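# Commentary on secondary and tertiary structure
Spelled out from the first residue to the last, the chains are:
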Amino acid sequence: DAGVTQSPTHLIKTRGQQVTLRCSPKSGHDTVSWYQQALGQGPQFIFQYYEEEERQRGNFPDRFSGHQFPNYSSELNVNALLLGDSALYLCASSPHGQPDTYGYTFGSGTRLTVV
Amino acid sequence: GESVGLHLPTLSVQEGDNSIINCAYSNSASDYFIWYKQESGKGPQFIIDIRSNMDKRQGQRVTVLLNKTVKHLSLQIAATQPGDSAVYFCAEIGNQFYFGTGTSLTVIP
């Protein structure tokens, strides 16, 4: 049973560009959350998607947007990249209606470097 | 807003010794806490959780202690092994997860 898969694993972008990161949730999970983890820091919540809608959002600017597809997979888009957007972007999936920690599963992340 | 912080950014222990990792939280209304382990190149992995109606919970080689009076969590790892080397985060669960900065644990063989 595949867990949470994220692609790509690594990415280098130039300041000002746009980027799209992808996440496939664990089988049976319908809720996807995105986190930004700067080097040496804990993950920071970006937003959560359920039923193809953004349900919750952390303290991130509108440059960060997302999408969820009918098959529950999700994309994170970041526009007008800044050097400070360089981080590990983590996706976590869960069954809806519970932060069931035993089901709340993280992917290995996408390492984004902005130059 | 909530803030979750760790007392020590790094910790080195000898193999076989016990490890204690500490965490402070600020939201007294939080009722659910989790410890995660993150190895290099991987996402956070669930270790153990505790609810606010408990003050101690034990797992396999790990124990979490919760002191609500001083808003403090600790993770105890018994007989620390080289495979325990990782960054450990506490997370405070409200309507979303709030992670602390993390403590890097190094086990010396």
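Preceding block: the structure.
Residues numbered from 1 in each chain as written. Chains lettered and ligands numbered in written order. Predicted model: local features only at pLDDT ≥ 70, side-chain atom pairs only at ≥ 80, totals over all residues. Heavy atoms only, no water.

Moving on, we come to the pattern of salt bridges. Residue and element names in this part refer to chain B. Within this structure, the stated rule accounts for 8 salt bridges over all chains. For Arg57, the salt bridge goes to Asp49, with nearest N and O atoms at 2.1 Å. With relative accessibility at 4%, the residue Asp49 sits in the buried group. Two residues, Asp84 and Arg61, come together in a salt bridge whose shortest N-O distance is 2.9 Å. Residue Asp84 is located in the loop between strand E8 (72-77) and strand E9 (86-93), and its partner Arg61 is located in the loop between strand E6 (56-58) and strand E7 (62-67); the two are separated by 23 residues in the primary sequence. (Salt bridge = Lys/Arg side-chain N within 4 Å of Asp/Glu carboxyl O. Buried < 20%, exposed > 50% of the residue type's maximum accessible area, 1.4 Å probe, protein only. Helix = DSSP H or I, 4+ residues; strand = E, 2+ residues; numbered from the N terminus.)

On to the interface of chain B and chain A. Chain B puts 19 residues into the contact, and the matching count from chain A is 19 residues. Between chain B and chain A lies a buried interface of about 1500 Å² when both sides are counted; carbon and sulfur atoms form 56% of it. Of all residues in chain B, the largest losses of buried area upon contact with chain A belong to Gln96(B), Phe97(B) and Phe99(B), amounting jointly to 33% of the total for that side. Counting every contact that joins chain B to chain A gives 1 residue pair in polar contact (both at pLDDT 80 or more). Among the secondary structure elements, those contributing two or more residues to the side of chain B that touches chain A are strand E4 (32-38), strand E5 (45-51), E9 and strand E10 (97-99) of chain B. With 4 residues, the top contributor of residues to the side of chain B that touches chain A is E4(B). (Contact = heavy atoms within 4.5 Å. Buried area = accessible area lost by both parts, 1.4 Å probe. Polar contact = N/O pair within 3.5 Å; in protein donor to acceptor, adjacent residues only side chain to side chain.)

In this structure, the largest pocket spans a volume of roughly 390 Å³. Considering the residues around the largest pocket, the lining is formed by 24 residues, among which Gln37(A), Leu88(A), Arg111(A), Gln38(B) and Gly41(B) are closest to the centre. At the level of elements, E9 and strand E11 (103-108) of chain B are the ones that each hand at least two residues to the lining of the largest pocket. Per element, the largest residue contribution to the lining of the largest pocket is 3 residues, and it comes from E9(B). (1 Å grid on protein atoms, 1.4 Å probe; cavity = no way out; pocket = protein on both sides within 12 Å on 5 of 7 lines; lining within 4 Å. Points joined across faces, edges and corners; volume = space filled by probe spheres on them.)

Take the environment of Thr106(B) next. Residues and elements named next belong to chain B. Positionally, Thr106 belongs in strand E11. On the accessibility criterion, Thr106 (38% relative accessible area) is partly exposed. Sequence separation between Thr106 and Ile50 is 56 residues; the distance between their C-alpha atoms is 25 Å. Contact partners of Thr106, with chain neighbours within four places excluded, come to Leu11, Ser12, Val13 and Ser85.

It is worth spelling out the state of the cysteines at this point. Tallied over the full model, the rule gives 2 disulfides over all chains. With a sulfur-sulfur separation of 1.8 Å, Cys23(A) is cross-linked through a disulfide to Cys91(A). Looking down the S-S bond of the Cys23(A) and Cys91(A) bridge, the torsion is -60°, so its handedness is left-handed. Of this pair, Cys23(A) sits in strand E3 (residues 19-24) while Cys91(A) sits in strand E9 (residues 87-94); the two residues are 68 residues apart in sequence, bridging distant segments of the chain. Taking relative accessible area as the criterion, Cys23(A) reaches 2% and is therefore assigned buried. Note on cysteine connectivity: Cys23(B) is disulfide-linked to Cys90(B), with sulfurs 1.7 Å apart. With the S-S dihedral at roughly 45°, the linkage between Cys23(B) and Cys90(B) falls on the right-handed side. Taken together, the residues Cys23(B) in strand E3 (residues 19-25) and Cys90(B) in strand E9 connect sequence positions 67 residues apart. The same class applies to Cys23(B) as to Cys90(B), namely buried. (Disulfide = S-S within 2.5 Å.)

Residues and elements named next belong to chain B. The pairing of E6 with E7 spans 3 bridges and is classified as antiparallel. Bridge assignment links Gln58 to a residue of E7, and that residue is Thr63. When E7 meets E8, the two strands line up antiparallel, connected through 6 bridges. The residue bridging Val62 from the neighbouring strand is Ile77, located in E8. (Pairing = 2+ DSSP bridges.)

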